[in-house]
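# Results of the structural survey
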Amino acid sequence: MEHPVRDAEVDEFEVVHFSNYLKWYSNALKEFLGRYSSPPGFFGEGVEIRVARVRASYSNSALRNDTVQVSVTRAENLGRSLQLHFRAEARGKLLARAELNLVFVQKEPYRLLPVPESVARQLPAARSAERAA
């Protein structure tokens, strides 16, 4: 996904505020989920997607007039969650990385669901050593 930095996303120093990266990851997530469901994120009546964890690290700053490329670099089926790795770049530089864990929840009766088959069959399962980390 490409995103041109908007005026509202920068501070008085022409630097993008860190919270905008989460919005960009969210938009990339919608595009990613659109490959596996229609409409994007619909996995059945009463099924919701919830973010269980987000970890992000920042290396460089996006600036006014940058066009930021945001991509899902890896997706792994952890059985009860889907782990996605994001990367944001501009001007040939890494800006930030993030790891996001999604869970699928049935609302009524409430219960945690495995990663939907439409996603699971197309993704590698994480190796057991990675699950323990």
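One structure accompanies this document, and this report is about it. (Residues numbered from 1 in each chain as written. Predicted model: local features only at pLDDT ≥ 70, side-chain atom pairs only at ≥ 80, totals over all residues. Heavy atoms only, no water.)

Taken as a whole, this structure holds 10 salt bridges when the rule is applied. A salt bridge links Asp-7 to Arg-64, with the shortest nitrogen-to-oxygen separation between them at 2.5 Å. Of this pair, Asp-7 sits in the loop between strand S1 (2-4) and helix H1 (19-34) while Arg-64 sits in the loop between strand S2 (47-58) and strand S3 (67-77), and the two are 57 residues apart along the sequence. Of the residues examined, Asp-7 reaches a relative accessible area of 55% and is grouped as exposed. Among the ionic pairs, Arg-64 bridges to Glu-14, the shortest N-O distance being 2.3 Å. Of the two residues, Arg-64 is situated in the loop between S2 and S3 and Glu-14 in the loop between S1 and H1; the sequence distance between them amounts to 50 residues. Judged by its relative accessible area of 34%, Glu-14 is partly exposed. A single network of salt bridges, built from pairs that share partners, joins Asp-7, Glu-14 and Arg-64. (Salt bridge = Lys/Arg side-chain N within 4 Å of Asp/Glu carboxyl O. Helix = DSSP H or I, 4+ residues; strand = E, 2+ residues; numbered from the N terminus. Buried < 20%, exposed > 50% of the residue type's maximum accessible area, 1.4 Å probe, protein only.)

By themselves, these observations are geometric and do not establish any function.
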